[in-house]
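The primary structure of each chain is shown beneath.
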Amino acid sequence: MSRATFPDKLRMQMRMALPMIDKNIRCRANTSRQSLMKASGLNDNQLQAALRMAYGEKGVPAPVYRSPAAGKMYDSESLLRVLAKWCGMWAYVIED
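What counts, and at which threshold
- Residues numbered from 1 in each chain as written.
- Predicted model: local features only at pLDDT ≥ 70, side-chain atom pairs only at ≥ 80, totals over all residues.
- Heavy atoms only, no water.
- Helix = DSSP H or I, 4+ residues; strand = E, 2+ residues; numbered from the N terminus.
- Rg over C-alpha atoms; globule rule 2.2 N^0.38 Å.
- Buried < 20%, exposed > 50% of the residue type's maximum accessible area, 1.4 Å probe, protein only.
- Contact = heavy atoms within 4.5 Å.
- Lys, Arg positive; Asp, Glu negative; His and termini not counted.
- Charge placed at Lys NZ, Arg CZ, Asp CG, Glu CD.
- Pairing = 2+ DSSP bridges.
- Polar contact = N/O pair within 3.5 Å; in protein donor to acceptor, adjacent residues only side chain to side chain.
- Arc of directions from axis to C-beta.

**Q** Which residues make up the overall build of the protein chain, and what values go with them?
**A** Within the protein chain one finds five helices and three strands. For the protein chain, the α and β elements follow one another from N to C terminus as α-α-β-α-α-β-β-α. Its C-alpha radius of gyration of 13 Å places the protein chain within 12% of the 12 Å reference for a compact globule of 96 residues. With the C-alpha coordinates aligned to their principal axes, the bounding extent of the protein chain is approximately 35 × 30 × 25 Å. Residues counted as buried form 38% of the 96 residues belonging to the protein chain. Counting only contacts in the protein chain whose residues sit at least 6 apart along the sequence, the fraction spanning at least 24 positions is 60%. Side chains of the protein chain carry 15 positive and 8 negative charges; the gap between the two charge centres is 7 Å.

**Q** Let's hear about the sheet that holds strand E3 (residues 71–74): which residues, and what values?
**A** Backbone hydrogen bonds hold the strands of a sheet together, and the pairing may be parallel or antiparallel. Taken in spatial order, the three strands of this open sheet run E1-E3-E2, and their pairing is antiparallel. Where the open sheet ends on each side, the last strands, each with one partner, are strand E1 (31–32) and strand E2 (65–67). Here E2 pairs with E3 via three bridges, running antiparallel. Across the sheet, residue serine 67 finds its bridge partner in E3, namely glycine 71.

**Q** Could you give an account of the environment of lysine 85, naming the residues involved and the relevant values?
**A** Structurally, lysine 85 can be placed in helix H5 (residues 76–87). Considering only alpha carbons, one finds lysine 85 and alanine 54, 31 residues apart in sequence, at a separation of 8.2 Å.

**Q** Quick rundown of the environment of aspartate 44? Include the residues and the values.
**A** Position of aspartate 44 among the secondary structure elements: in helix H4 (residues 44–55). Residue aspartate 44 is classed as partly exposed on the basis of its relative accessible area of 37%. Sequence separation between aspartate 44 and aspartate 75 is 31 residues; the distance between their C-alpha atoms is 18 Å. If near-sequence neighbours (up to four positions away) are discounted, aspartate 44 is found in contact with Arg33 and Met37. For aspartate 44, the side chain forms a polar contact with the side chain of arginine 33, separated by 2.7 Å.

**Q** Explain helix H2 (residues 18–26) residue by residue, including any values.
**A** Within H2 the residues assigned to the buried category are Leu18, Met20, Ile21, Asn24 and Ile25. The arc that holds the buried residues of H2, viewed along the axis, is 160 degrees, so those residues lie on one side. Turning to H2, the residues buried within the fold contact helix H1 (6–15), E1, helix H3 (33–40) and H5. Remark: arginine 28 follows H2 within two positions and exhibits a positive phi of approximately 55 degrees.

**Q** Which residues make up unusual backbone geometry, and what values go with them?
**A** Where the residue is not glycine, phi is negative for most of them; where a peptide bond is considered, it is trans in most cases. For arginine 28, which is not glycine, the phi dihedral falls at a positive 55 degrees. Summarising the element assignment, arginine 28 is placed in the loop between H2 and E1.

Written out as structure tokens, the structure is:
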């Protein structure tokens with residue numbers, strides 16, 4: 001995979017995780033890093049790269065908390081908003 005196509009691959013893979021994050025919002029649950037990796041099919045380093053690209057200059061947010069069973073947990077609403085905009089999936093973008 002070339003450097004030119006790497007961001008596009010990450011966007012495509014992260015799109016597969018958006019329905020799971022949306023479901024977590026409806027269930028009022030946070031999203032774990034493990035579930036993001038499972039839903040998107042990315043490994044830990046690729047997921048970190050995708051989050052860095054999606055959040056840009058703001059930087060990847062700190063996890064809401066660390067679960068002994070699931071590891072790092074992120075806020076589902078802010079995660080969905082940023083990833084949906086980055087992936088161009090405007091149906092998931094929730095504007096206030």
